[in-house]
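Inside the fold
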Amino acid sequence: MSEKRIELPASITVRELADRLDASPIQIIKVLMNNGVMASINQQIDFETSAIVAAELGFEAAPEEVLLDESEETSADVPLWRRMIANEDASQLQPRPPVVTILGHVDHGKTTLLDAIRQTNVAAREVGGITQHISAYQVEHNGQTITFLDTPGHAAFTAMRARGAQGADVVVLVVAADDGVMPQTKEAIAHARAARVPIVVALNKIDKPNANPERVKQQLAENELVPDDWGGDVMVVPVSAKKQEGIEDLLEAILLTAETLDIQANPNGRVIGTVIEARMDKSRGVVATLLVQNGTLRKGDVIVVDTAYGRIKALYNYRGRQIKEAGPSTPVGAIGLNSVPAAGELFQVVKTDKEARQIAARRAEEKKVKARQRKVTLEELFNQFQSGEIRELRLIIKADVQGSIDPIVSEINKLAEGQSDIKIKILHAEAGNITENDIMLASASRAIVIGFNVQADVAARRLAEAEGVSIRLYDIIYRLTEDLEKSLKGMLAAEMEEKPLGKAEVLAVFNISKYGRIAGCRVREGVIRRNAKARLWRGEDLVYEGEIDSLKREKENVREVREGFECGIHLKNFNEVEVGDIIECFYIAEAEA
């Protein structure tokens, strides 16, 4: 009998699986029991387990393609590529070029540096020497490719994060050696930190007679960017973009930083990426610059971007030449969308034009509804903290003078002292009125803007309303801290405790090239569960504590194995298992009152 193909989600209940396979729940439960899995009718089972059941009933199971939901799109903390590869087949992952964006204070030489890197004369074509648009290109260094995003500054960079895109893997912070750390430099640092993207500092203009590299390094250290030659972990590379000095060293520093990130993607996986820029061309229609971040984008693919969609009629590389496809970390020009999407929006490939239209229409309707309910208030963030959705409260502080900032920051930090479960993170603190940049940073980071003896300008208020950012204004410090203190009392996480699951004895050890040493075990009591916490005991000695990352029964991946059954166990990052060891399985849960 030929197998029928069926798509199954990452997680499904036994009842739902029975409906999809046109079988009775009892039949499904029996198959699960035969594979060492005890499950009730409403219990969730993972894809691997449901695929085994499907195979025994004559179906060939494939992972169901899931479209991005709002939680994915607005998660600014986790890089897009990290979220993508979490759902990809690990055996299909391949290294990809790092994506780099360059930030810094105006006139510190960002575009001139990019000009030196790609050895073209871009700066001369920009109005007033200031970048007016977003572009992207690739360079080769020692046989390795680096993708650069040339943006108009941290506002555009943050707009990408605000829409969930994580536009870069590495940030190059340009600081002029004769000028030092300036207000926009501090803002760029705050934006890079909020994005949790590593920073490489390009110390530019070292050829100038009044350059003072040591003074700049001191300023960087004061802003928590301690240079590596001072014992820190931030590479500071002296360069002269004008004389094209130090460029090779900078590229090497970028590649070294990228190596520590283990940047990967699946060229054959789900196609997804970010809109770098888009415009309406009179002769060609909508022209969008896209950065592919996973999968391979091809001419003829149907893509959907927020409420825009269309079939790709043509693809162009960064040199303007037509190409047929583009893999991970590749910037391309694309023609075929029906409307102009915003920079930073995520695009994805779908199967048909009809599906794309339906998704776009649904998103347009959802936007109308959410526009009326979008505002993120301080109280809502506290509720999300209490429910475990967020683990820190993020604040942006603006005050009338620098002298007001220090006592405010000091008082806020005192609130969390002695309560390790509570974390308050001040993303940015500066003197001056609340501006659009503050709102953009808050939007991207789900932060609250707190003002002391300042006002929010009209543009900032308008943007805050559009982005759903809460602005809190105070004129007395104790009222500011009192508001926070009252709310913090409900933010402590519940007390957690360890709960045992089961124990297994190692009867044999097998060497498998893909995984390392696998422990062949018999479950002596309780249950052993994949992804649970684990300890390995050798006699009375504790040898390992971590988690179970692979669990097999009769060569098949399973979710759990119960008492009396044999199984194969691989412990995460541990290959020293021996016959006679005892593996103890447990989990951490909220303590009962």
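Residues numbered from 1 in each chain as written. Predicted model: local features only at pLDDT ≥ 70, side-chain atom pairs only at ≥ 80, totals over all residues. Heavy atoms only, no water.

1. Some points on the packing of aromatic side chains
Note the cut-off: Only centres within 6.5 Å qualify two rings of Phe, Tyr or Trp (six-membered ring in Trp) as a pair; their planes then separate them into stacked at under 30 degrees, edge-to-face at over 60, and tilted for everything else. Each helix is a run of DSSP H or I of at least 4 residues and each strand a run of E of at least 2, with the numbering of both proceeding from the N terminus. When accessible area is computed with a 1.4 Å probe and restricted to protein chains, residues below 20% of their type maximum are described as buried, those above 50% as exposed, and intermediate ones as partly exposed.
Enumeration over the complete set of coordinates arrives at 2 aromatic pairs. Arranged with centres 5.8 Å apart and planes meeting at 20 degrees, the rings of Tyr 137 and Phe 148 form a pair that is stacked. Taken as a pair, Tyr 137 in strand 7 (residues 135-141) and Phe 148 in strand 8 (residues 144-150) lie far apart in primary sequence, 11 residues in all. Judged by its relative accessible area of 2%, Tyr 137 is buried.

2. Describing the sheet that holds strand 24 (residues 424-431)
Selection criterion: By definition, two strands form a pair when at least two bridges between them are found by DSSP. Only C-alpha atoms enter the line fits that serve as axes; for helices the fit covers just the stretch in contact. Angles between N-to-C directions range over 0 to 180 degrees.
Taken together, 4 strands build an open sheet; the order of strands is 24-23-25-26 and the sheet is parallel. The open sheet is flanked by strand 24 and strand 26 (471-474), the only strands paired with a single partner. Pairwise comparison of adjacent strand axes, ignoring direction, gives a mean angle of 20 degrees for this sheet. Pairing analysis gives 7 bridges linking strand 23 (residues 393-399) to strand 24, with the strands arranged parallel. Considered in strand 24, the bridge of Arg 394 is made with Lys 425.

3. Observations regarding the pairing of strand 17 (residues 308-311)
Of the two faces of strand 17, the one lined by Ala 308 and Gly 310 is fully buried and the one lined by Tyr 309 and Arg 311 carries no buried residue. Bridging between strand 16 (residues 302-305) and strand 17 involves 4 bridges; their strand directions are antiparallel. Residue pairing across strands places Ile 303 opposite Gly 310, the latter belonging to strand 17. Adjacent in sequence and paired antiparallel, strand 16 and strand 17 are bridged by 2 residues, among which Asp 306 carries a positive phi angle near 55 degrees.

4. Structural notes on a negative patch on the surface
Our working definition: Two distance rules govern patches: like charges are joined within 9 Å, and nonpolar side chains (Val, Leu, Ile, Met, Phe, Trp, Tyr) within 5 Å, applied only to residues with over 30% relative accessible area and no salt bridge. Areas reported as accessible are Shrake-Rupley estimates using a 1.4 Å probe. Residue values count occlusion only from the protein chains shown. The salt bridge criterion pairs a side-chain nitrogen of Lys or Arg with a carboxyl oxygen of Asp or Glu, the two atoms within 4 Å. Charge counting treats Lys and Arg as positive and Asp and Glu as negative, with His and both chain ends excluded. Every charge is mapped onto a representative atom, which is NZ of Lys, CZ of Arg, CG of Asp or CD of Glu.
A surface patch of negative charge is lined by Glu 248, Asp 249, Glu 252 and Glu 259. Its place among the elements puts Glu 259 in helix 10 (residues 247-259).

5. Notes on the state of the cysteines
Put plainly, a disulfide is one covalent bond tying together the sulfur atoms of two cysteines. Stated precisely, the cut-off is as follows: Any two cysteine sulfur atoms within 2.5 Å of one another count as a disulfide.
In this structure the tally under the stated criterion is 0 disulfides. Just so you know, Cys 521 is unpaired, no disulfide at all, and the nearest cysteine sulfur is the one on Cys 567, 5.3 Å from it. Residue class for Cys 521 comes out buried when judged on its relative accessible area of 2%. Considering cysteine sulfurs only, Cys 567 is the nearest to Cys 585, which forms no disulfide, with 9.8 Å between them.

6. Here we look at the packing of helix 6 (residues 110-118) against helix 10
As a reminder of what qualifies: Here the angle decides the label: under 35 degrees means roughly parallel, over 145 means roughly antiparallel, 65 to 115 means roughly perpendicular, and every other value means oblique. In what follows, a contact means two residues having at least one pair of non-hydrogen atoms within 4.5 Å. Each residue receives one of three labels: charged for Asp, Glu, Lys and Arg, nonpolar for Ala, Val, Leu, Ile, Met, Phe, Trp, Tyr, Cys and Pro, and polar for the others, Gly being one of them.
Running from N to C, helix 6 and helix 10 point in directions that differ by 90 degrees, and their axes come no closer than 10 Å. Here helix 10 runs roughly perpendicular to helix 6, going by the angle between their axes. Between helix 6 and helix 10, the contacting residues are Leu 113, Ala 116 and Ile 117 on the first element and Ile 247, Leu 250 and Leu 251 on the second. Taken together, the residues of the contact of helix 6 with helix 10 break down into 6 nonpolar, no polar and no charged.

7. Some points on the nonpolar core
Going by this rule: Throughout, nonpolar core names a set of buried Ala, Val, Leu, Ile, Met, Phe, Trp, Tyr and Cys residues whose side chains join them through atoms within 4.5 Å.
Counting residues in each nonpolar core, the largest one holds 41 residues, and the members touching the most others are Ile 28, Ile 569, Leu 571 and Ile 583. Ranked by the residues each element gives to this core, the list is headed by strand 28 (residues 516-529), at 5 residues. The contact partners of Ile 583, leaving out residues within four places of it in the chain, are Gly 502, Lys 503, Ala 504, Val 506, Ala 519, Cys 521, Ile 528, Ala 534, Arg 535, Leu 536, Ile 569 and Leu 571. Residues Val 100, Ala 241, Leu 255 and Ala 258 belong to the second largest nonpolar core, which totals 27 residues.

8. Re the environment of Pro 267
Relative to the helices and strands, Pro 267 resides in the loop between strand 12 (264-265) and strand 13 (272-281). Look at Pro 267 and you get buried, because its relative accessible area is 18%. The sequence separation of Pro 267 and Leu 93 amounts to 174 residues, and the corresponding C-alpha distance is 7.6 Å. Each residue touching Pro 267, except ones within four places of it in the same chain, is listed here: Gln 92, Gln 94, Gly 295, Thr 296 and Pro 328.

9. Section: helix 10
Condition: What a helix is expected to span follows from its residue count: subtract one and scale by 1.5 Å.
End to end, helix 10 covers 19 Å across 13 residues, agreeing with the expected 18 Å (1.5 Å per residue, within 8%). Restricting attention to buried positions, one finds in helix 10 the residues Ile 247, Leu 250, Leu 251, Ala 253, Ile 254, Leu 255, Thr 257 and Ala 258.

10. Brief notes about the sheet that holds strand 18 (residues 314-316)
Ordered in space as 17-16-22-13-14-21-18-19, the 8 strands form an open sheet in which the pairing is antiparallel. Two strands close off the open sheet at either side, each with one partner strand: strand 17 and strand 19 (322-323). In this structure, strand 14 (residues 285-294) lies alongside strand 21 (residues 331-335), joined through 5 bridges in antiparallel fashion. Its bridge partner being in strand 21, Leu 290 is matched across the sheet by Val 332.

11. Some details on the pattern of salt bridges
Per the counting criterion, the structure on display carries 18 salt bridges. A salt bridge links Glu 505 to Arg 524; the nearest nitrogen and oxygen atoms lie 2.8 Å apart. Taken as a pair, Glu 505 in strand 27 (residues 496-512) and Arg 524 in strand 28 lie far apart in primary sequence, 19 residues in all. Salt bridges sharing partners connect three or more residues here, namely Arg 529, Arg 559, Glu 560 and Arg 562.

12. Considering unusual backbone geometry
Unlike most non-glycine residues, Glu 224 shows phi in positive territory, near 65 degrees. Phi angles above zero are rare outside glycine, and Asn 573 is one such case at about 60 degrees. Note that Asn 573 resides in the loop between strand 33 (566-571) and strand 34 (582-590). Residue Asn 573 is classed as exposed on the basis of its relative accessible area of 71%.

13. Digging into the confidence of the model for the protein chain
Note: predicted coordinates in regions of low pLDDT should not be interpreted at a detailed level. Operational definition: The predictor's confidence in any single residue is recorded as pLDDT, a number from 0 to 100.
Of the residues in the protein chain, 82% reach a pLDDT of 70 or more, and the chain-wide mean stands at 80. No element of the protein chain has a lower mean pLDDT than helix 4 (residues 70-73), at 40, and none a higher one than strand 15 (residues 297-298), at 96. This model gives residues 491-495 a pLDDT under 50, and the stretch forms 13 contacts once residues within four places in sequence are excluded.

14. Re the pairing of strand 9 (residues 170-176)
Convention followed: Orient the strands so they point away from the viewer, and a crossover whose first-strand-to-second-strand path over the helix runs clockwise is right-handed.
With 7 of 7 residues buried, strand 9 is to be regarded as a mostly interior element. The two faces of strand 9 match: Val 170, Val 172, Val 174 and Ala 176 on one face and Val 171, Leu 173 and Val 175 on the other face are all buried. Both strand 6 (residues 99-104) and strand 9 contribute to a ladder of 5 bridges, which runs parallel. By the bridge assignment, Thr 101 is partnered in strand 9 with Val 171. Following the backbone out of strand 9, through helix 8 (residues 183-194) and into the adjacent parallel strand 10 (residues 199-204), one traces a crossover that is right-handed.

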